[in-house]
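Commentary on secondary and tertiary structure
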Amino acid sequence: MDKNNLYRSIPKVDVLLEDADVQAMIERYSRDTVMEAIHIEMDKLRAFIGKSGDEEEAMAQIAMLKSHIEMTVAAMHTPNMRMVVNGTGTVLHTNLGRAPIAREHMERIAALATGYSNLEYNLEEGRRGERYSHFEKLLCKLTGAEAAMAVNNNAAAVMLILSSLAKGGEVVVSRGELVEIGGKFRIPDVMEQSGAALVEVGTTNKTHYSDYEEAITEETKALLKVHTSNYRIVGFTDTVGIDELVPLAKEHGLPVIEDLGSGVLIDLSKYGITYEPTVQDSIRKGADVVCFSGDKLLGGPQAGIIIGRKKYIDKMKKNQLTRALRIDKFTAASLELVLQEYLSEEKAIRNIPVLRMITKPQEEIAREARRLQRILRNAGLPAKIGTAACESQIGGGSLPLERLPSTAVTIKPEKISVPELEERMRHLPVPVIPRTVNDTILLDVRTLQSKEFHLIADQLKELEVLEKTSLIAAR
Ligand SMILES: *Cc1c(COP(=O)(O)O)cnc(C)c1O
């Protein structure tokens, strides 16, 4: 058959549109997207015939045209953002959405967000209210601060604080605290955007009281401490604590600002984790304004929480930038719910997924690992399934040196390579993101949820992911 005959074998668009299956697609999706998919698939088919002499394959492709159209149109209507299974063991995985929110919280938020709410409505007085009112009192109670608010994320919080308190003036900060927070975002650059000039003092490893003292001029508007949450400078070091900075600042009538990065409200050392300075500590030591992330160790929604003296917080609430950086109703609702859990430490540990994962006892993880191992072995997969000791990380730029002893289920495929398996797992309907160590796939059980165990096994089995030819063979 010559190429012209092959081209003629492709069904015409108007014939396709009369086809019952295509009609059903139009009914299910939309006429426009089905038309788009038809054109995409027809172009592919013509291009194939144009450059290939393989007549048999061309006929096969023509025969599969309808199912290709269906797959393309289905893909157009499938959301790209999906649930994934986190087998990496990194609890606050920034690329995987950082802190998971408790299901019970999400259900409440769904009820609030699918209707109207009192987000900015004072029900007592029947007039305009404030969106921070839902969690401001809670934050003050938990931290000892006078006032509180929240913006989109902690980077925004730093910018708003400096813009409100130090625009056009100078802010003194130690050279050892000029943090890059990931994705090439650097605290010094964020600060510059606020219109405040940074005055860097000390050296990378040592900053002394006298360095701050000597840097204070007429232009100084604030002293800033940045918690080096995602790195540590160890060895020959010296830093000046909040407790020392506060009297110095007071002497000059300046506020002390502290960017804590991760906002920890409970002493994690009780659970065998390195002590992270708590938010309450900063306030107790006299910091005037403190900011921290909502979705790091706090375990809540993405937000930048700002607490401190009322006169400063009021200034921030009035700043025009606040309108651009404000949180939405989902965040306001979610923050109130997560903060309420902290009214009881025991409830916080139990109900906040991030805290539950970080403090999960080793025996419990080992037990769950054995259960997952059993489920995977029972699936009869062509792979060696075992368990191995491993170390989880907290991630999200929190406690960078912390290693949490954990247990992983190991998968060693018999018919395909480990990189191949890793790639196929990423392409599953519910992608599974593992860690690869020493040419073995590791699923760290700390960050898995037990309800995901059967899902993992079923997907590996049904799609024959571990076979040479798999239904999910990576495209
Ligand atoms: C993570 C971090 C930030 C940024 O917080 P986001 O909520 O991610 O914007 C700022 N400062 C420090 C010290 C941090 O660790």
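Criteria and thresholds
- Residues numbered from 1 in each chain as written.
- Predicted model: local features only at pLDDT ≥ 70, side-chain atom pairs only at ≥ 80, totals over all residues.
- Heavy atoms only, no water.
- UniProt positions renumbered as here; feature names shortened; annotations may be inferred.
- Helix = DSSP H or I, 4+ residues; strand = E, 2+ residues; numbered from the N terminus.
- Buried < 20%, exposed > 50% of the residue type's maximum accessible area, 1.4 Å probe, protein only.
- Contact = heavy atoms within 4.5 Å.
- Areas by Shrake-Rupley, 256 points an atom, 1.4 Å probe, with all protein chains shown as cover.
- Lys, Arg positive; Asp, Glu negative; His and termini not counted.
- Charge placed at Lys NZ, Arg CZ, Asp CG, Glu CD.
- Pairing = 2+ DSSP bridges.
- Core = buried A, V, L, I, M, F, W, Y, C linked by side-chain atoms within 4.5 Å.
- Arc of directions from axis to C-beta.
- Polar contact = N/O pair within 3.5 Å; in protein donor to acceptor, adjacent residues only side chain to side chain.
- Axes fitted to C-alpha atoms, helices over the stretch in contact; angles between N-to-C directions.
- Parallel < 35°, antiparallel > 145°, perpendicular 65-115°, else oblique.
- Left-handed = near helix turned anticlockwise from the far one by under 90°.
- Salt bridge = Lys/Arg side-chain N within 4 Å of Asp/Glu carboxyl O.

Per an unreviewed UniProt entry, the protein is named L-seryl-tRNA(Sec) selenium transferase, and its organism is Dorea acetigenes. Per its UniProt entry, the protein bears the Subcellular location (unreviewed entry) comment "Cytoplasm". One UniProt comment on the protein, placed under Sequence similarities (unreviewed entry), says "Belongs to the SelA family."

Quick notes on the overall build of the protein
Each helix and strand in the protein was counted, giving 21 helices and 18 strands. By principal-axis analysis of the C-alpha atoms, the protein measures approximately 95 × 50 × 45 Å. Put simply, the protein has 475 residues, and 49% of those count as buried. Long-range contacts, defined as pairs at least 24 residues apart, comprise 74% of the intrachain contacts of the protein with a sequence gap of at least 6. Per element, the accessible surface of the protein, about 23,800 Å² overall, is 49% carbon and sulfur. In the protein, 61 side chains carry a positive charge and 67 a negative one; their mean positions are 2 Å apart.

Observations regarding unusual backbone geometry
A positive phi angle, close to 50 degrees, is found at R98, a residue other than glycine. As for its position among the elements, R98 is in the loop between β2 (90-92) and α7 (103-113). Unusually for a residue other than glycine, E464 sits at a positive phi of about 50 degrees. In this structure, E464 sits in the segment after α21 (453-462). Exposure remark for E464: the relative accessible area of 40% places this residue in the partly exposed category.

Some details on the pairing of strand β13 (residues 304-308)
Counting buried positions along β13 gives five out of five residues, so the element sits mostly inside the fold. One ladder, built from five bridges, connects strand β5 (residues 147-151) with β13; its direction is antiparallel. Bridged to A148 within β13 is I307. Taken together, the five bridges between strand β12 (residues 289-293) and β13 define a ladder with antiparallel strand orientation. Bridge pairing in β13 links F292 to I305.

Describing the nonpolar core
I306, I307 and M316 are the most contacted members of the largest nonpolar core, which has 86 residues in total. Looking at this core, the element that brings in the most residues is helix α9 (residues 154-166), giving eight residues. For I306, the contacting residues outside a window of four places in its chain are A147, A148, M149, V151, A157, L160, I161, V289, V290, C291, I313 and M316. Counting residues in hydrophobic clusters, the runner-up holds 31 residues, among them A383, I411, M425 and L460.

Considering the environment of V84
Residue placement: V84 occurs in the loop between α6 (65-76) and β1 (85-86). Looking at V84, the relative accessible area reads 28%, which means it is partly exposed. Those residues in contact with V84, other than ones at most four positions away along the chain, are L96, V430, P431 and I433.

Let's talk about α21
Looking at α21, one finds that the buried residues are F453, I456, A457, Q459 and L460. The arc that holds the buried residues of α21, viewed along the axis, is 165 degrees, so those residues lie on one side. Its buried side turned inward, α21 meets β1, α19 (362-378), β15 (404-413), α20 (418-426), β16 (432-433) and β18 (440-444).

Re the UniProt feature "modified residue: N6-(pyridoxal phosphate)lysine" (unreviewed entry) in the protein
According to UniProt, the positions carrying the feature "modified residue: N6-(pyridoxal phosphate)lysine" (unreviewed entry) are K296. Locating K296 in the fold gives a position in the loop between β12 and β13. With a relative accessible area of 9%, K296 lands in the buried category. When sequence neighbours within four positions are dropped, the list of residues in contact with K296 reads L92, R98, G261, S262, V354, G396 and S398.

Here we look at the side chain of S392
In this fold, S392 is placed in strand β14 (residues 383-395). A polar contact is formed between the side chain of S392 and the side chain of D444, at a distance of 2.8 Å. Every residue in contact with S392, bar those within four places of it in the chain, is listed here: G89, E402, R403, L404, S406, D444 and R446.

Here's the deal with the sheet that holds strand β17 (residues 435-437)
With mixed pairing, the five strands of this open sheet are ordered in space as β2-β14-β15-β18-β17. Pairing within the sheet leaves two strands with one partner each, and these edge strands are β2 and β17. Across the sheet, the axes of successive neighbouring strands diverge by a mean angle of 40 degrees, strand direction being ignored. Sheet strands touched by α19: β14, β15 and β18. Its angle to β15, the strand with the most contacts, is close to 10 degrees.

Points about the packing of α19 against α21
Interaxial distance between α19 and α21 falls to 9 Å at its minimum, and their mutual angle equals 25 degrees. In terms of axis orientation, α19 runs roughly parallel to α21. The handedness of the crossing between α19 and α21 comes out as right-handed. Counted together, E368, R371, L372, I375 and L376 of α19 and F453, H454, I456, A457 and L460 of α21 form the full contact between these two elements.

Brief notes about the pattern of salt bridges
Overall, the coordinates contain 24 salt bridges when judged by the stated rule. In this structure, the salt-bridge partner of K66 is D19, at a minimum N-O distance of 3.1 Å. Separated by 47 residues along the polypeptide, K66 in helix α6 and D19 in the loop between α2 (13-18) and α3 (20-28) bring together distant segments of the chain. K66 sits in the partly exposed class, given a relative accessible area of 28%. Of the charged contacts in the structure, one is a salt bridge between R309 and E146, with a shortest N-O distance of 3.8 Å. In this pair, R309 sits in the loop between β13 and α14 (310-318) while E146 sits in the loop between α8 (133-143) and β5, placing the two residues 163 residues apart along the sequence. Connected via shared salt-bridge partners are E120, R128, R131 and R326.

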